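These are the residues of each chain, in order.
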2 protein chains.
Amino acid sequence: MATRPRRTPAATPVAAPVPSPWSDAASRAEQRARKRQAVLQAAAELFNERGFHATSLDDIAARLNVSKPTLYYYVKNKDEILLQCVSQGLEMMLEGIEASRQAGGNAVDQLRACMQVYAGIVTQPFGMCLIRVGDEEVPEPSRTELRRMKSEIDHAFRRLVAQGVEEGSLAPCDPKMSAFVIAGALSWIGRWYQPGGDYTPEQIAQQCIATLCDGVLRRGEAPAVAAASKAPRKSRRSSSAPLAGN
Amino acid sequence: MATRPRRTPAATPVAAPVPSPWSDAASRAEQRARKRQAVLQAAAELFNERGFHATSLDDIAARLNVSKPTLYYYVKNKDEILLQCVSQGLEMMLEGIEASRQAGGNAVDQLRACMQVYAGIVTQPFGMCLIRVGDEEVPEPSRTELRRMKSEIDHAFRRLVAQGVEEGSLAPCDPKMSAFVIAGALSWIGRWYQPGGDYTPEQIAQQCIATLCDGVLRRGEAPAVAAASKAPRKSRRSSSAPLAGN
């Protein structure tokens with residue numbers, strides 16, 4: 001047996017291994033994450049369109065052209081989906097606010113940047129879900145955690161308002177109430193905004209921020225300055241076709 | 001028989017009839033209406049506290065110390081209750097807005113009066129329900145009718161804003177967007193307000209309206225006037241204890 005001639009590797013090169021039809025572990029994980037995110041996004045869109053209770057897992061599966069059992073590979077149930085959607089909306093807010101503050105500038109610059117972030121996020125599926133679906137739909141203990149995150153956002157706005165008052169750039173006010181007015185007006189965008197409507201999210205953000213900063217009353221004390229500051233808003237005036245909101 | 005002596009009514013007066021233990025028809029109808037209203041109010045409070053889906057007819061009955069079958073004498077089902085709560089909130093708004101407009105004054109006076117009405121109603125059970133429970137929870141065809149009423153309110157605000165701009169008392173703006181900012185900030189009160197909190201509904205309304213009218217920026221062009229107009233808000237400043245909202 002030992003003397004039997006052997007074919008050397010050099011003489012007959014080994015054929016390349018048949019490529020595996022499976023992806024490697026890293027790209028499998030990446031694909032899974034991407035698909036899970038698609039499930040969450042489709043769910044958020046449906047919750048926003050029809051309401052949380054009126055949306056079934058079957059509806060979500062149908063929108064993604066998969067079967068309901070496929071969804072269970074990515075998510076446990078509808079409650080978990082909602083929690084994930086709302087948490088991602090809140091995380092986007094918190095990261096955006098942090099980035100706006102890191103960017104520096106005075107309190108008013110930072111406040112404007114935070115308002116911009118907030119207005120932008122509520123026109124996107126997860127942010128809109130945060131506004132349209134009430135906390136009470138999320139079971140405990142997640143509900144408490146979501147409220148903690150919301151409160152963090154609220155306090156970031158209050159701090160900026162208080163700083164602005166201290167700097168003298170904002171009018172004396174109760175920062176808590178002003179933060180509620182700001183959050184209310186910007187959150188409301190998430191209730192009435194519909195993609196493809198008369199205004200782009202950027203136009204909406206700009207106009208809401210301008211109204212919150214300057215107020216609706218004409219600044220009669222200095223008409224020239226007031227007129228100048230209002231001019232860009234006038235030029236963005238749109239048609240009077242009703243927005244398809246409530 | 002004809003000659004038989006008779007006791008005359010004058011001699012022995014007829015006894016007063018035994019009083020009926022039942023109320024007469026008018027007060028029965030009134031009592032029924034009052035009880036039905038109590039059912040709706042208890043339901044609205046529970047929907048606001050726990051969410052529409054988490055509230056059962058048993059919960060509503062328990063809060064009123066009656067049995068569930070008793071409720072069915074006043075309402076058909078939970079959907080009908082919600083529809084009634086939200087409709088009553090909307091009717092209060094529409095009547096209040098109409099009264100504010102009838103009261104006269106210039107557009108800004110009327111706008112302020114309408115904002116006052118709106119802010120007041122969203123701190124009450126039916127108005128709060130209107131804000132907290134989404135339209136999509138109400139089945140068709142009622143949903144369309146509710147949206148029509150909401151749109152009427154929205155248009156009343158837009159018309160007042162447009163008039164104010166024409167009068168020169170409001171800054172040039174897109175009335176549709178300004179109406180959304182106003183409605184958003186005021187509606188948001190219905191999301192965070194809790195009876196017994198740091199502020200009375202009147203304080204909240206005053207501060208929100210002042211912020212919407214004057215904006216958050218300091219009116220640098222005329223600091224004396226700006227400071228004067230802000231002073232009352234400053235004096236109402238409250239402690240920083242967090243409001244028990246989201």
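Here the structure is a predicted model, which means the values were calculated and not measured.

Reading the values: the criteria
Residues numbered from 1 in each chain as written. Chains lettered and ligands numbered in written order. Predicted model: local features only at pLDDT ≥ 70, side-chain atom pairs only at ≥ 80, totals over all residues. Heavy atoms only, no water. Helix = DSSP H or I, 4+ residues; strand = E, 2+ residues; numbered from the N terminus. Buried < 20%, exposed > 50% of the residue type's maximum accessible area, 1.4 Å probe, protein only. Contact = heavy atoms within 4.5 Å. Areas by Shrake-Rupley, 256 points an atom, 1.4 Å probe, with all protein chains shown as cover. Phe/Tyr/Trp six-rings, centres within 6.5 Å; stacked < 30°, edge-to-face > 60°. Core = buried A, V, L, I, M, F, W, Y, C linked by side-chain atoms within 4.5 Å. Axes fitted to C-alpha atoms, helices over the stretch in contact; angles between N-to-C directions. Parallel < 35°, antiparallel > 145°, perpendicular 65-115°, else oblique. Left-handed = near helix turned anticlockwise from the far one by under 90°. Expected span 1.5 Å × (residues − 1). Salt bridge = Lys/Arg side-chain N within 4 Å of Asp/Glu carboxyl O. Nonpolar A, V, L, I, M, F, W, Y, C, P; charged D, E, K, R; others polar. pLDDT = per-residue confidence, 0-100. Polar contact = N/O pair within 3.5 Å; in protein donor to acceptor, adjacent residues only side chain to side chain.

1. Focus on the overall build of chain A
Part 1 of the reasoning: The helix and strand tally for chain A stands at 10 helices and 0 strands.
Part 2 of the reasoning: In sequence order, chain A lays out its α and β elements as α-α-α-α-α-α-α-α-α-α.
Part 3 of the reasoning: The buried share of chain A, reckoned over its 246 residues, is 46%.
Part 4 of the reasoning: Counting only contacts in chain A whose residues sit at least 6 apart along the sequence, the fraction spanning at least 24 positions is 66%.
Part 5 of the reasoning: When the accessible surface of chain A is summed, it comes to about 12,100 Å², and 55% of that surface belongs to carbon and sulfur atoms.

2. Quick word on the packing of aromatic side chains
Part 1 of the reasoning: Considering all chains together, one arrives at 8 aromatic pairs over all chains under this definition.
Part 2 of the reasoning: Both rings, one in Trp192(A) and one in Phe180(B), keep their centres 4.1 Å apart while their planes meet at 10°; by these two values the pair is stacked. Of this pair, Trp192(A) sits in helix H8 (residues 175-192) while Phe180(B) sits in helix H8 (residues 175-192), which puts the two residues in different chains. Like Phe180(B), Trp192(A) is buried.
Part 3 of the reasoning: Seen in terms of ring centroids, Phe47(B) and Phe52(B) are 5.0 Å apart; in terms of plane orientation they differ by 75°. Their pairing is edge-to-face.

3. Details of the nonpolar core
One broad trend across soluble globular proteins is that nonpolar side chains are buried collectively.
Part 1 of the reasoning: Residues Ile60(A), Phe157(A), Ile60(B) and Phe157(B) are the most contacted members of the largest nonpolar core, which totals 136 residues.
Part 2 of the reasoning: Dropping the residues within four chain positions of it, Ile60(B) is found in contact with Val39(B), Ala42(B), Ala43(B), Leu46(B), Phe47(B), Thr55(B), Leu71(B) and Ile81(B).

4. Quick notes on the packing of helix H5 (residues 107-121) of chain A against helix H9 (residues 201-214) of chain A
All names here are of chain A.
Part 1 of the reasoning: Across the interface, H5 lies against H9 with an axial gap of 10 Å and an inter-helix angle of 135°. Classed by the angle they form, the pair H5 and H9 counts as oblique. Here the hand of the crossing between H5 and H9 comes out right-handed. Contacts between H5 and H9 pair Arg112, Met115, Gln116 and Ala119 from the former with Ala205, Ile209, Leu212 and Cys213 from the latter.

5. A few points about H9(A)
Residues and elements named next belong to chain A.
Part 1 of the reasoning: Spanning 14 residues, H9 covers 20 Å between terminal C-alpha atoms, matching the ideal 20 Å at 1.5 Å per step.
Part 2 of the reasoning: Most of H9 is tucked away, with 10 of its 14 residues classed as buried.
Part 3 of the reasoning: Within H9 the residues assigned to the buried category are Ile204, Ala205, Gln207, Cys208, Ile209, Ala210, Thr211, Leu212, Cys213 and Asp214.

6. Quick word on the pattern of salt bridges
Side chains that differ in sign of charge can pair as their charged atoms come close.
Residue and element names in this part refer to chain A.
Part 1 of the reasoning: The full count for this structure, using the stated rule, is 20 salt bridges over all chains.
Part 2 of the reasoning: With a shortest N-O distance of 3.8 Å, Lys68 and Asp58 are connected by a salt bridge. Taken together, the positions of Lys68 in helix H3 (residues 68-71) and Asp58 in helix H2 (residues 57-63) put the pair 10 residues apart, joining distant regions of the chain.
Part 3 of the reasoning: Given a relative accessible area of 31%, Lys68 falls into the partly exposed group.
Part 4 of the reasoning: Since its relative accessible area comes to 45%, Asp58 is described here as partly exposed.
Part 5 of the reasoning: Within the structure, one salt-bridge network assembled from shared partners comprises Glu45, Glu49 and Arg63.

7. Quick word on the packing of H5(A) against helix H7 (residues 142-167) of chain A
All names here are of chain A.
Part 1 of the reasoning: The interhelical angle for the contact between H5 and H7, taken along N-to-C directions, is 150°, at an axis separation of 8 Å. Judged on the interaxial angle alone, H7 and H5 are roughly antiparallel. Judged by the twist between their axes, the crossing of H5 over H7 is left-handed. Taking contact as the criterion, the partners of Ala107, Val108, Gln110, Leu111, Cys114, Met115 and Tyr118 in H5 are, on H7, Ile153, Phe157, Leu160, Val161, Gln163, Gly164 and Glu167.
Part 2 of the reasoning: Across the contact of H5 with H7, the residue classes tally to 10 nonpolar, 3 polar and 1 charged.

8. Here's the deal with the environment of Ile153(B)
All names here are of chain B.
Part 1 of the reasoning: In this structure, Ile153 sits in helix H7 (residues 142-167).
Part 2 of the reasoning: Linking Ile153 and Pro19, residues 134 residues apart in sequence, is a C-alpha distance of 50 Å.
Part 3 of the reasoning: If near-sequence neighbours (up to four positions away) are discounted, Ile153 is found in contact with Leu90, Met93, Leu94, Ile97 and Tyr118.

9. Description of H8(B)
Part 1 of the reasoning: With 18 residues, H8(B) extends 26 Å between its outermost C-alpha atoms, agreeing within 8% with the 26 Å of an ideal straight helix rising 1.5 Å per residue.
Part 2 of the reasoning: Within H8(B), 18 of the 18 residues are buried, which leaves the element mostly enclosed by the surrounding structure.

10. Overview of the confidence of the model for chain A
All names here are of chain A.
Part 1 of the reasoning: Averaged over all residues, the pLDDT of chain A equals 85, while 84% of them reach at least 70.
Part 2 of the reasoning: Here helix H10 (residues 223-235) stands out as the element of chain A with the lowest mean pLDDT, 35, in contrast to H2, whose mean of 97 is the highest.
Part 3 of the reasoning: Low pLDDT, under 50, characterises residues 221-246; the predicted model gives this stretch 46 contacts beyond four residues in sequence or across chains.
Part 4 of the reasoning: At the level of chain-chain contacts, confidence expressed as ipTM amounts to 0.78, with global pTM at 0.80.

11. Overview of the side chain of Gln88(A)
All names here are of chain A.
Part 1 of the reasoning: On the secondary structure map, Gln88 appears in helix H4 (residues 78-102).
Part 2 of the reasoning: You can call Gln88 buried: its relative accessible area is 17%.
Part 3 of the reasoning: Residue contacts for Gln88: discarding those within four places in its chain leaves Gln37, Leu40 and Phe126.

12. Digging into the environment of Gln203(B)
All names here are of chain B.
Part 1 of the reasoning: Looking at the element boundaries, Gln203 is found in helix H9 (residues 201-214).
Part 2 of the reasoning: Taking the C-alpha atoms as reference points, Gln203 and Met115, 88 residues apart in sequence, are found 13 Å from one another.
Part 3 of the reasoning: Within the structure, Gln203 has its side chain in polar contact with the backbone nitrogen of Thr200 (distance 2.9 Å).

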